[in-house]
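A closer look at the structure
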Amino acid sequence: MKKLLMLCCASLLAACSSNTPSPQASLDGEVFYLQRMALPPTATLSVELQDVSLMDAPAVTLARQAGPVKGNVPLPFHLEYDPAQIKPGHRYAVSARIELGGKLLFINTEHHGVQLDGSDALPLRVKVDPVR
């Protein structure tokens, strides 16, 4: 019985140690627009880190931050991602959008590619343009 208990404890410890979270990496930046206006306090900002390698397929989201806009532009963001998901030869980009009540107000119209190898200028600056 004692051996069985020890065996159960050892297997439980092994299972716990194999489920340790993978190390996280992060990408910091800010979203801005050129219009001279304040956003309503109920506006939301959404920023995503995406794998955009495949041409005719939807981008794969690796990290996302979404929530209410806090303050005025520039709007800071912090994305945490698993570096084990980064694959050599793939292309990555950051996209941003500002919405109000489900209606799109601003979105980035330029590609904001990132290398994720430490060579990216930080903070990353993502310009969003108004949607007409």
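Now for a quick tour of the structure. (Residues numbered from 1 in each chain as written. Predicted model: local features only at pLDDT ≥ 70, side-chain atom pairs only at ≥ 80, totals over all residues. Heavy atoms only, no water.)

1. What to know about the layout of surface pockets
Put simply, the test is: In the cavity and pocket records, a cavity denotes points on a 1 Å grid over the protein atoms alone where a 1.4 Å probe fits but cannot get out, a pocket denotes an open set with protein on both sides within 12 Å along at least 5 of 7 lines, and lining residues are residues with an atom within 4 Å of a point. Grid points are joined across faces, edges and corners, and a volume is the space filled by probe spheres set on the points. Note on conventions: DSSP H or I runs of at least 4 residues are helices, E runs of at least 2 residues are strands, and numbering of each starts at the N terminus. Each residue is assigned to one of three groups, with Ala, Val, Leu, Ile, Met, Phe, Trp, Tyr, Cys and Pro labelled nonpolar, Asp, Glu, Lys and Arg labelled charged, and all others, Gly among them, labelled polar.
Considering only enclosed or pocket space, the largest pocket measures out at about 150 Å³ in volume. Lining the largest pocket are L45, Q65, A66, G67, P68, V69, K70, L75 and P76. Elements with a contribution of two residues or more to the lining of the largest pocket: β3 (60-68) and β4 (75-81). Of the residues that constitute the lining of the largest pocket, the class distribution is six nonpolar, two polar and one charged.

2. Concerning the packing of aromatic side chains
What counts here: Ring pairs are drawn from Phe, Tyr and Trp, using the six-membered ring of Trp, whenever the two centres fall within 6.5 Å, and their geometry is named by plane angle: stacked under 30 degrees, edge-to-face over 60, tilted for the rest. Only protein chains enter the accessibility calculation, which uses a 1.4 Å probe; a residue whose area is less than 20% of its type maximum is buried, one above 50% is exposed, and one in between is partly exposed. We call a charge positioned above a ring when the Lys NZ or Arg CZ atom is no farther than 6 Å from the ring centre and deviates by at most 35 degrees from the ring normal.
According to the stated counting rule, one finds one aromatic pair in the structure shown. Considering the side-chain rings of Y33 and F106, the 4.4 Å spacing of their centres and the 20 degrees angle between planes classify their relative orientation as stacked. Of the two residues, Y33 sits in the loop between β1 (25-32) and β2 (44-51) while F106 sits in strand β6 (residues 103-107), which places them 73 residues apart along the sequence. Like F106, Y33 is buried. Lying across the ring of F32, R125 places its NZ or CZ 4.1 Å from the centre.

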